[in-house]
Amino acid sequence: QATLEESGGGLVQPGGSLRLSCAASGSIYSINVMAWYRQAPGNSREFVAGMPAGESTNYAASVKGRFTVSRDNAKNTVYLEMNNLKPEDTAVYYCYANLHYSQSGPADNIWGQGTQVTVSS
């Protein structure tokens, strides 16, 4: 009933920057949380940054001070601004949303297809 589409990944040199975007579309009543996770080869998926419906934000310790998460609620879109990128940031980045399809229905968790971020010289 809803999908997430990520964009903005790519190849960047160490110290560089990238901006990821994730737009939710479909029959959405409201979105509670939008967040970013990542998965490097051989590793499990890990939390990167998240933003509930308000203005509070949460970050993994490894990215705090370098990454910034933001939301445009009117566009059902979440962004991840990544600065001072390091080789260890290389991973597939996934968008996540917890949302409602109706006022009284249960919340649902959905994921995007992922976008590759590679940090290498």
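Residues numbered from 1 in each chain as written. Predicted model: local features only at pLDDT ≥ 70, side-chain atom pairs only at ≥ 80, totals over all residues. Heavy atoms only, no water.

1. Quick look at the overall build of the chain
Helix and strand counts for the chain come out as 0 helices and 11 strands. Seen in sequence order, the chain has helices and strands lined up from the N terminus as β-β-β-β-β-β-β-β-β-β-β. Counting only C-alpha atoms and orienting by the principal axes, one finds that the chain spans roughly 50 × 25 × 25 Å. Of all 121 residues assigned to the chain, the portion counted as buried reaches 40%. Counting only carbon and sulfur atoms, one obtains 46% of the accessible surface of the chain, whose full area is about 6,300 Å². (Helix = DSSP H or I, 4+ residues; strand = E, 2+ residues; numbered from the N terminus. Buried < 20%, exposed > 50% of the residue type's maximum accessible area, 1.4 Å probe, protein only. Areas by Shrake-Rupley, 256 points an atom, 1.4 Å probe, with all protein chains shown as cover.)

2. What to know about the pairing of strand E10 (residues 107–111)
With 5 bridges joining them, strand E9 (residues 91–100) and E10 adopt antiparallel strand pairing. Of the residues in E10, the one forming a bridge with Ala97 is Ile110. (Pairing = 2+ DSSP bridges.)

3. Digging into the state of the cysteines
Counted under the stated rule, the structure contains 1 disulfide. In this model, Cys22 is linked to Cys95 through a disulfide, with the two sulfur atoms separated by 2.0 Å. Negative torsions about the S-S bond denote left-handed disulfides, and the value of about -85° found for Cys22 with Cys95 makes this one left-handed. Of this pair, Cys22 sits in strand E3 (residues 18–26) while Cys95 is found in strand E9, placing the two residues 73 residues apart along the sequence. Across the pair, exposure class does not vary: Cys22 and Cys95 are buried alike. (Disulfide = S-S within 2.5 Å.)

4. As for the nonpolar core
Membership of the largest hydrophobic core comes to 30 residues, with the highest contact counts inside it found for Met34, Trp36, Leu80, Met82 and Tyr93. If you list the elements that add at least two residues to this core, you get strand E1 (2–7), E3, strand E4 (30–39), strand E5 (46–52), strand E7 (67–72), strand E8 (77–82), E9 and strand E11 (115–119). Counting residues per element, this core draws most heavily on E9, at 5 residues. Here Met82 is in contact with Gly16, Ser17, Leu18, Leu20, Arg66, Phe67, Tyr93 and Val117, once residues within four sequence places are set aside. (Core = buried A, V, L, I, M, F, W, Y, C linked by side-chain atoms within 4.5 Å. Contact = heavy atoms within 4.5 Å.)

5. Some remarks on the environment of Gly16
Checked against the element boundaries, Gly16 lands in the loop between strand E2 (10–12) and E3. Here Gly16 falls in the buried class, since its relative accessible area comes to 18%. For Gly16 and Ser120, which are 104 residues apart along the polypeptide, the C-alpha to C-alpha distance reads 9.8 Å. Contacts of Gly16, omitting those with residues within four sequence positions, involve Met82, Asn83, Asn84 and Leu85.

6. Topic: the pattern of salt bridges
For the structure on display, the rule yields 4 salt bridges. For the salt bridge of Glu46 with Arg38, the shortest nitrogen-to-oxygen distance reads 2.7 Å. Classification of Glu46 by relative accessible area gives partly exposed; the value is 36%. Assessed through its relative accessible area of 7%, Arg38 is described here as buried. With a shortest N-O distance of 3.0 Å, Arg38 and Asp89 are connected by a salt bridge. Of the two residues, Arg38 is situated in strand E4 and Asp89 in the loop between E8 and E9; the sequence distance between them amounts to 51 residues. Among the residues examined, Asp89 registers a relative accessible area of 0% and is labelled buried. Taken together, the shared-partner salt bridges connect Arg38, Glu46, Arg66 and Asp89 into one network. (Salt bridge = Lys/Arg side-chain N within 4 Å of Asp/Glu carboxyl O.)

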